[in-house]
Amino acid sequence: MRFISDFHQNRRLMKGINNTFIAFIPKIDSPQWLNDFRPISLIASLYKVLVKSLTNRLWKVIRSVIFESQSTFVRGRQILDGILVVNVVVDEARKRKKEFLLFKVDFEKAYDLVDWRYLDDVMGKMLFQTLWRKWMKECTETTTTSTLVNKSPTEELFMEMGLRQGDPLSPFLFLFAVEGFHVSGW
C-alpha cells in the first residue's frame, strides 16, 4: 500500500519496478531458429499490482471517452462487431450500385509504434486530468527491458516509444492512441 500511495502522490516509480525481461520459450522440441521461440514478457509483480488498480479505475470511464464504433477492449463490445458493420455497409453500397472506398488498417506491430507524446496529446484532448497523464507518462517512459539469455539478463535497454505486450495498461493506452485517429477536429 505504501508503494501505491507513494506513486499516487509523487508520480514516480522506484527504479527497477518498471523493468521487463523477455524470455524465449521454445515452440517446438529442439528449436534451431529464432522463429522457433515465442517471446514472453515478464513484468514485475509490484508494477502489475499498481497498473491493475489504475486499469480498474479506467474501466469506469472507458465508455465515456471511447466512441461506440470502437469495438475492441471495451466491456460489452465485440471485435467482430466492426467486421459486421463493414459487411453491412459494403452490401448496402453494392445493392444501391454506389461507389465506395474501403480503407483497411493493419495493426501488426502497432503496440511497438505508439508515440508517447502523441498518446499524451490524445489524453489531453480526452480531458484526462494532468495527474492521470503524469501517471501514464511514468508508466510508459520509465520502461526498460532486458532479454534473458541462458537465464541471465542482458544489458537494460530504455524504451523510447511503444507499449508492452502483457502490461495490463497497454490495451487502454492503445485504445486512446487509436481514438486519436478516429476523432477529427482535435
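Coordinates for the structure precede this section.
First things first, this report covers the structure right here in the doc. (Residues numbered from 1 in each chain as written. Predicted model: local features only at pLDDT ≥ 70, side-chain atom pairs only at ≥ 80, totals over all residues. Heavy atoms only, no water.)

1. Remarks on the pairing of strand E3 (residues 144-149)
In step 1: Pairing of strand E1 (residues 19-26) with E3 involves four bridges; the strand directions are parallel. When the sheet's bridge partners are listed, Asn19 is paired in E3 with Thr144.
In step 2: Across two bridges, E3 lies against strand E5 (residues 157-158) in antiparallel orientation. In the strand pairing of E5, Thr145 is matched with Leu157.
In step 3: Across two bridges, E3 lies against strand E4 (residues 152-153) in antiparallel orientation. If you follow Val149 over to E4, its bridge partner there is Ser152.
In step 4: Counted between consecutive antiparallel strands, the loop separating E3 from E4 contains two residues, among which Asn150 sits at a positive phi close to 55°. (Pairing = 2+ DSSP bridges. Helix = DSSP H or I, 4+ residues; strand = E, 2+ residues; numbered from the N terminus.)

2. Comments concerning the nonpolar core
In step 1: Formed by 35 residues in total, the largest nonpolar core has its most connected members in Tyr47, Leu54, Phe128, Met136, Leu169, Leu173 and Phe176.
In step 2: Broken down by secondary-structure element, the contributors of at least two residues to this core are helix H1 (2-10), helix H2 (45-59), helix H3 (62-65), helix H5 (116-125), helix H6 (130-141) and helix H7 (170-182).
In step 3: Sort the elements by how many residues they give to this core and H7 lands first, with seven residues.
In step 4: When neighbours within four sequence positions are excluded, Met136 is seen to be in contact with Leu54, Met123, Leu169 and Leu173. (Core = buried A, V, L, I, M, F, W, Y, C linked by side-chain atoms within 4.5 Å. Buried < 20%, exposed > 50% of the residue type's maximum accessible area, 1.4 Å probe, protein only. Contact = heavy atoms within 4.5 Å.)

3. Thoughts on the packing of aromatic side chains
In step 1: Taken as a whole and assessed by the stated rule, the structure comprises six aromatic pairs.
In step 2: Plain terms: the ring middles of Tyr111 and Phe174 are 5.1 Å apart, the flat faces sit at 45° to each other, and that makes the pair tilted. Of this pair, Tyr111 sits in the loop between helix H4 (79-95) and H5 while Phe174 sits in helix H7; the two residues are 63 residues apart in sequence, bridging distant segments of the chain.
In step 3: For Phe174, a relative accessible area of 11% puts it in the buried group.
In step 4: Each ring, one from Phe128 and one from Phe176, has its centre 5.1 Å from the other, and the planes form 50°; the classification is tilted. Of the two residues, Phe128 sits in the loop between H5 and H6 while Phe176 sits in helix H7, which places them 48 residues apart along the sequence. By the burial criterion, Phe128 is buried, and Phe176 matches it.
In step 5: The structure contains a cluster of three or more aromatic residues connected by ring pairs, namely Phe7, Phe128, Trp132, Trp135 and Phe176.
In step 6: Just above the ring of Tyr47 sits the side chain of Arg164; from NZ or CZ to the centre is 4.8 Å. (Phe/Tyr/Trp six-rings, centres within 6.5 Å; stacked < 30°, edge-to-face > 60°. Lys NZ or Arg CZ within 6 Å of the ring centre and 35° of its normal.)

4. Some thoughts on the packing of H1 against H2
The description of two helices packed together rests on the angle between their axes and the distance between the axes.
In step 1: Relative orientation of the contacting elements H1 and H2 amounts to 60°, with a least axis distance of 10 Å. Put simply, H1 runs oblique to H2. For the element pair H1 and H2, the recorded crossing hand is right-handed. Contact residues: H1 offers Phe3, Ile4, Phe7 and His8, while H2 offers Leu46, Val49, Leu50, Leu54 and Arg57.
In step 2: Considering only residue class, the contact of H1 with H2 consists of seven nonpolar, one polar and one charged. (Axes fitted to C-alpha atoms, helices over the stretch in contact; angles between N-to-C directions. Parallel < 35°, antiparallel > 145°, perpendicular 65-115°, else oblique. Left-handed = near helix turned anticlockwise from the far one by under 90°. Nonpolar A, V, L, I, M, F, W, Y, C, P; charged D, E, K, R; others polar.)

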